[in-house]
Amino acid sequence: MKQRKSRNPGRLKQFLSTLGPGLVTGASDDDPSGIVTYSQAGASFGLATLWTALITFPLMTSIQGMCAKIGAVTSTGLTGVLKKHYHRSILYCMMLFSFPAIVLNIGADLQGMGAVMHLMIPKVPVFYFEIMLSIIIVTSLIYFSYQQLAKILKWLCVVLFLYLVIPFMVKVNWLEVLKNTIVPTIHADREFFELLIAILGTTISPYLFFWQATMEAEDIANNEKVLVIDKRFLNRMEVDITAGMLFSNLVMFFIILTTGVVLYSANIRQIDTVEQAAKALAPLAGNFAYIFFTVGIIGTGFLAIPVLAGSLSYIVSETFGWREGLQKKFSDAPGFYVVIIVSLLAGLSLDFLHIPPMKALVYTAVLYGLTSPVMIAIIIHICNNKKIMGDAVNGSLTNILGVITFVLMTVAAVAVIYYQFH
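Undergrad: Talk me through the overall build of the chain; I want residue IDs and the actual numbers.
TA: Helices and strands together make up the secondary structure of the chain, namely 19 helices and zero strands. Whereas a compact globule of 422 residues would reach a radius of gyration of roughly 22 Å, the chain reaches 21 Å, a difference of no more than 12%. In the chain, which comprises 422 residues, the proportion classed as buried is 55%. Contacts in the chain between residues at least 24 apart in sequence constitute 83% of all its contacts with a sequence separation of at least 6. Accessible surface computed for the chain: about 18700 Å², of which carbon and sulfur atoms make up 67%. Charged side chains in the chain number 28 positive and 23 negative. The centres of these two groups are separated by 11 Å.

Undergrad: Can you break down the nonpolar core residue by residue, with the values?
TA: Note on soluble globular proteins: their nonpolar side chains tend to be buried together. With 136 residues, the main nonpolar core has L78, Y163, F209, L257, F293, I379 and I382 as its most contacted residues. When residues in this core are grouped by element, the largest group, 15 residues, is from helix α13 (residues 231-262). Apart from residues no more than four positions distant in its own chain, F209 is found in contact with I63, Q64, C67, L78, I204, S372, M375, I376 and I379.

Undergrad: Before we move on, can you summarise the packing of helix α15 (residues 287-320) against helix α16 (residues 334-348) with the specific residues and values?
TA: The description of two helices packed together rests on the angle between their axes and the distance between the axes. Contact pair α15 / α16: the axes reach a minimum separation of 8 Å and the direction vectors enclose 130°. As the angle between them shows, α15 and α16 are arranged oblique. Remark: the crossing between α15 and α16 carries right-handed chirality. Contacts between α15 and α16 involve I305, A309, L312, S313, Y314, V316 and S317 on the former and, on the latter, F336, Y337, V339, I340, S343 and L344. Among the residues making up the contact of α15 with α16, the classes are represented as ten nonpolar, three polar and no charged.

Undergrad: Go over the pattern of salt bridges, please, and point to the residues and values.
TA: Under the definition given, this model contains one salt bridge. Here E194 makes a salt bridge to R190, at a shortest N to O gap of 3.0 Å. Of the two residues, E194 and R190 both sit in helix α11 (residues 190-203), four residues apart, roughly one turn of that helix. Exposure remark for R190: the relative accessible area of 38% places this residue in the partly exposed category.

Undergrad: Any chance you could break down the packing of aromatic side chains for me, citing the residues and the numbers?
TA: By the definition in use, this model includes twelve aromatic pairs. Pairing F127 with F352 gives two aromatic rings, centres 5.1 Å apart and planes at 75°, and the pair type is edge-to-face. With F127 in helix α7 (residues 126-143) and F352 in the loop between α16 and α17 (357-383), this residue pair connects regions lying 225 residues apart in the sequence. A residue is classified by how much of its surface remains accessible, and F352, at 60% relative accessible area, is exposed. Residue placement shows R269 over the ring face of Y264; its charged tip is 3.9 Å from the ring centre.

Undergrad: Tell me about the packing of helix α4 (residues 51-74) against α13, and please be specific about residues and values.
TA: Relative orientation of the contacting elements α4 and α13 amounts to 145°, with a least axis distance of 9 Å. Crossing of α4 over α13 shows right-handed handedness. Together, T52, A53, T56, F57, M60, T61, Q64, G65, A68, K69 and A72 of α4 and F233, L234, M237, I241, T242, M245, L246, S248, N249, M252, F253 and I256 of α13 make up the contact between the two elements.

Undergrad: Give a description of the side chain of T364 that names residues and reports values.
TA: Along the chain, the position of T364 falls in helix α17. Excluding anything up to four places from it in sequence, T364 contacts A101, L104 and N105.

Undergrad: Explain the side chain of Q64 residue by residue, including any values.
TA: Within the fold, Q64 resides in helix α4. For Q64, a relative accessible area of 4% puts it in the buried group. With residues up to four places along the chain from it excluded, the contact list for Q64 reads T25, L208, F209, Q212, I241 and M245.

What counts and what doesn't
- Residues numbered from 1 in each chain as written.
- Predicted model: local features only at pLDDT ≥ 70, side-chain atom pairs only at ≥ 80, totals over all residues.
- Heavy atoms only, no water.
- Helix = DSSP H or I, 4+ residues; strand = E, 2+ residues; numbered from the N terminus.
- Rg over C-alpha atoms; globule rule 2.2 N^0.38 Å.
- Buried < 20%, exposed > 50% of the residue type's maximum accessible area, 1.4 Å probe, protein only.
- Contact = heavy atoms within 4.5 Å.
- Areas by Shrake-Rupley, 256 points an atom, 1.4 Å probe, with all protein chains shown as cover.
- Lys, Arg positive; Asp, Glu negative; His and termini not counted.
- Charge placed at Lys NZ, Arg CZ, Asp CG, Glu CD.
- Core = buried A, V, L, I, M, F, W, Y, C linked by side-chain atoms within 4.5 Å.
- Axes fitted to C-alpha atoms, helices over the stretch in contact; angles between N-to-C directions.
- Parallel < 35°, antiparallel > 145°, perpendicular 65-115°, else oblique.
- Left-handed = near helix turned anticlockwise from the far one by under 90°.
- Nonpolar A, V, L, I, M, F, W, Y, C, P; charged D, E, K, R; others polar.
- Salt bridge = Lys/Arg side-chain N within 4 Å of Asp/Glu carboxyl O.
- Phe/Tyr/Trp six-rings, centres within 6.5 Å; stacked < 30°, edge-to-face > 60°.
- Lys NZ or Arg CZ within 6 Å of the ring centre and 35° of its normal.

Any link to function would need more than the numbers given here.
Next comes the structure, spelled out in C-alpha cells:
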C-alpha cells in the first residue's frame, strides 16, 4: 500500500510535466469568440449539438499533432517550413488571409472581455477596459521571458475548469445529455448548418496550426536539457496534444450543455455577445454560475489573445526573415514585437469602425474557412514527406483522420462562401 501511494503522486507529476504547448493551444481555442459560438449553439438548439464535441476531438488532435511534430522534427515554425520547401506564393497567401482574420478575432475577443468587465464595473466604459487589457497583454509579452510566459499561460488554463462546474449548479437530465452526445441530431435548416460550420471553424482554426508548430520548436530550443527527438519524445508530445484537445472539447461540451439546459429551456434563443450570455445566466442559473461564466471569459481572453497575436507575429517574422521569438528582448527582435503591438491596435480599431463582434466573427469564419483546407492539405503533405520529416512521417490512422478533417473543412469553406452570397 505504501508503495502504491508513493508511486501515484510521481505518475501525476510526470503527467503534468508533459503538459505544455498542446495544453495551451487547446485551451486558447476556447476564447471569448468561441464561447459566443458555443453559447449560441446551446441557446438555439438545446443539447442537439453536443455530439460535435465528440467528432471534433479526434480531428483536432490529428491536425495539431501533425503541426507539433513538424515543429519538433524541423526545429522550425510552420511558416519556416513553408518558406523553405514550398512556393512563396503559398506563404504570402497564408499571411494575406491570416492577418485580417487574426486581427478580427483579437478585436472580437477584446470587445467580449471589455463588455464582461463593464458588467462588473458599469461606471467604466467598455473601450477603457479594452485599452487596459491590451496594455496588460502587450506588456506581459514584452516583459516576461518565454519560460515565464509559458508558465503563466499554462496556469491560465485552470480558469477553464470553471465551465466544467457550472452544469452541476443547475438541474440536468444526464440521460438526455448522454443520448445527444452519442446520437447525432441534425436539423434540416440553414441556421443549424451555419452553426455546425461555425463550430468547425472555431475549433479547427489555422492560427493554431502555426502556433503549435512554433511553440514546439521554441519549447525545445529553450529547454535546459538536450532533447533527443525520438519515439519516446514524440509519444510524450502526443500525450500533451491529446490532453490539450480533450480539455478544449470538454470546455466546448460543457458550455453548450450549460446554455442548452439554462437558456434554451428559458426560451432564450439568440446570443450575439458573451456578456449577453452571462447576463442571461444570472437570473436563471444563479449568481455563482454567472460569476464563473464571466471570470472564465476574462481568463480565456488573457490566454487566447497572446496566442493569436503571437502566432501572427511568428508568421510575419518568419516570412520576412526577421529575428523572432518570445524568449528575445524587444531590442533584439523589434519587428516581432511591433507586429504584436500593431495586431492589438488593429483589434482595438474595430470599435472605431463600428464592427460588431458577431460580424467580426462572421468575417473571421470566412477567412479561416478559405485558408483551413489549404493549410490542412499542406500539413498532411509535409508530414508524409521523408525529406522533411525523416522517419517521423504519418501513420495510416493519422492520415485518415487528416483527410477526413480536410474534407469536412473543405465542405465547410464552400458552405461559408455559399451562405454569405445567398
